[in-house]
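Each chain is listed here by its residues.
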Amino acid sequence: MAGVEEVDILWISEGMSCDGDSVSVTAAGQPSIEDVLLGAIPGLPKVNLHNKVLSPTLGGEEFLTPFRAAARGEATLPFVLVIEGSIPNENINGDGYWTSFGNDEATGEPLTLNWWIDQLAPKAWGVVAIGTCATYGGIHAMAGNPTGCMGLADYLGWDFRSAGGLPIVNVPGCPVQPENFMETLVWLLYEAAGLAPVIPLDDQLRPTWIFGKTVHEGCDRAGYYEQGDFAADYNSPKCLVKVGCWGPVVNCNVPKRGWMNGLGGCPNVGGICIGCTMPGFPDKFMPFMDAPPGAAISSNVIGAYGKAIRRLRSITNKTVNKEPKWRHNGNELTTGFKPTWRS
Ligand code: SF4
Ligand code: SF4
């Protein structure tokens, strides 16, 4: 399939979803959706985006047309299937359905998201799960939920392969960081064009260059952590680990990247990291505003060492905050200059 010149993106956000990821990606700048759709990126295939939030169609059947064609196996172009929201367990839906997308033309009955995934995923060149709900189940799949919902890999199988031979590509985040998704999409489109190698994914099917490091490794409050200087409550510029930050054990690049145009984020700007990108989110991180269980040991150990280091650094800081004594307007040169020539 490599070398394709035009691609459809069939985006279904009818999972257990808030459409937050659809909205989020409109904030991307590098690249923006407009850049991709208007062909501003050299080498990229022509892209037709079918997303209900961004669709210029009248909606309804007009919007559904490419989805229906692809489900019948009559897609004229290779397509990337994007799923947003978690996948409910329709085996336990009683007499109804948990979520649907369009109606069956013959019976008028709602077509479930699960039906669409069954039809489209095996025919898609690539399959992408956007946001933590579609990737791992997310908030809707928390303990006590009635739908028994799950992530796409739980539904299709972790060893699923698309028609293009690709595994599911997971781009978690609640919502997804705008450019994390756009960058992943651009890699896939370059791959479809035959201009990029196979996208590198970790064992949770996340792009490695985005999710390979922890929040803490990219947090500009880590200097406070290293000096054992912790916020005792919110509204502090210091490290937030004792007031609930999970950053040291969470895979995410948001503090390093910022949210929009490098601005915003989470712990870097005062919000505890709640681990919203993680497969264990949210249950394994709740209650959010309590200190993570492991944080006490490491922060206490660093506390003692950090106090001593801070004292030593403050002495040196005072020294380097003074100019050298030879910078004066006196009658004598005291810089230590020794002329090596005589006139
Ligand atoms: S605020 Fe969180 S991520 Fe930042 S340094 Fe502290 S523990 Fe690490
Ligand atoms: S820093 Fe934490 S809370 Fe913020 S987006 Fe990343 S995982 Fe979610």
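Everything numeric here is computed off the predicted structure, so don't read it as measured data.

Cut-offs applied
- Residues numbered from 1 in each chain as written.
- Chains lettered and ligands numbered in written order.
- Predicted model: local features only at pLDDT ≥ 70, side-chain atom pairs only at ≥ 80, totals over all residues.
- Heavy atoms only, no water.
- Buried < 20%, exposed > 50% of the residue type's maximum accessible area, 1.4 Å probe, protein only.
- Helix = DSSP H or I, 4+ residues; strand = E, 2+ residues; numbered from the N terminus.
- Pairing = 2+ DSSP bridges.
- Axes fitted to C-alpha atoms, helices over the stretch in contact; angles between N-to-C directions.
- Contact = heavy atoms within 4.5 Å.
- Polar contact = N/O pair within 3.5 Å; in protein donor to acceptor, adjacent residues only side chain to side chain.
- Patch = residues over 30% accessible without salt bridge, like charges linked within 9 Å, V, L, I, M, F, W, Y side chains within 5 Å.
- Areas by Shrake-Rupley, 256 points an atom, 1.4 Å probe, with all protein chains shown as cover.
- Salt bridge = Lys/Arg side-chain N within 4 Å of Asp/Glu carboxyl O.
- Near = heavy atom within 4 Å.
- 1 Å grid on protein atoms, 1.4 Å probe; cavity = no way out; pocket = protein on both sides within 12 Å on 5 of 7 lines; lining within 4 Å.
- Sits in = over half its atoms within 2 Å of the grid points.
- Nonpolar A, V, L, I, M, F, W, Y, C, P; charged D, E, K, R; others polar.

A. Representation of the pairing of strand β1 (residues 6-12). Taken across its 7 residues, β1 has 6 buried, putting it largely inside the fold. Where β1 meets strand β2 (residues 46-50), 5 bridges bridge the pair, whose relative direction is parallel. From the neighbouring strand, I9 faces β2, where its bridge partner is L49. Here 5 bridges tie β1 to strand β3 (residues 79-84), and the two strands are oriented parallel to one another. Pairing of L10 across the sheet is with L81, part of β3.

B. Expanded view of the sheet that holds β3. Within the open sheet, the 5 strands sit side by side as β2-β1-β3-β6-β7. Their pairing is parallel. The open sheet is flanked by β2 and β7 (169-171), the only strands paired with a single partner. Each adjacent strand pair in this sheet contributes to an overall mean axis angle of 20 degrees, direction not counted. Of the pairings in the sheet, the one linking β3 to strand β6 (residues 126-130) comprises 5 bridges and is parallel in character. Across the sheet, the residue bridging to L81 is V127, located in β6. In the packing of helix α4 (residues 113-120) onto the sheet, contacts are made with β1 and β3, and the angle to β3 comes to roughly 155 degrees.

C. Just the side chain of D19, in detail. Structurally, D19 is set in the loop between β1 and α1 (20-25). Looking at D19, its side chain comes within polar contact range of the side chain of S13, at 3.0 Å. Look past the residues within four positions of D19 in its chain and what remains in contact with it is S13, K52, V53 and E84.

D. Spotlight on a nonpolar patch on the surface. A cluster of nonpolar side chains, V23, V53 and L54, forms an exposed patch at the surface whose accessible area comes to about 220 Å². Topologically, V53 is positioned in the loop between β2 and α3 (60-71). You can call V53 partly exposed: its relative accessible area is 40%.

E. Geometry of the site of ligand 2. Taken together, V215, V250, C252, V254, P255, C266, C273, I274, G275, C276 and T277 make up all the residues around ligand 2. Judged by the proximity of its atoms to the pocket grid, ligand 2 belongs to the largest pocket. Each residue belonging to the shell around ligand 2 can be placed in one class, and the counts come to 9 nonpolar, 2 polar and no charged.

Coordinates in, geometry out; function isn't part of it.
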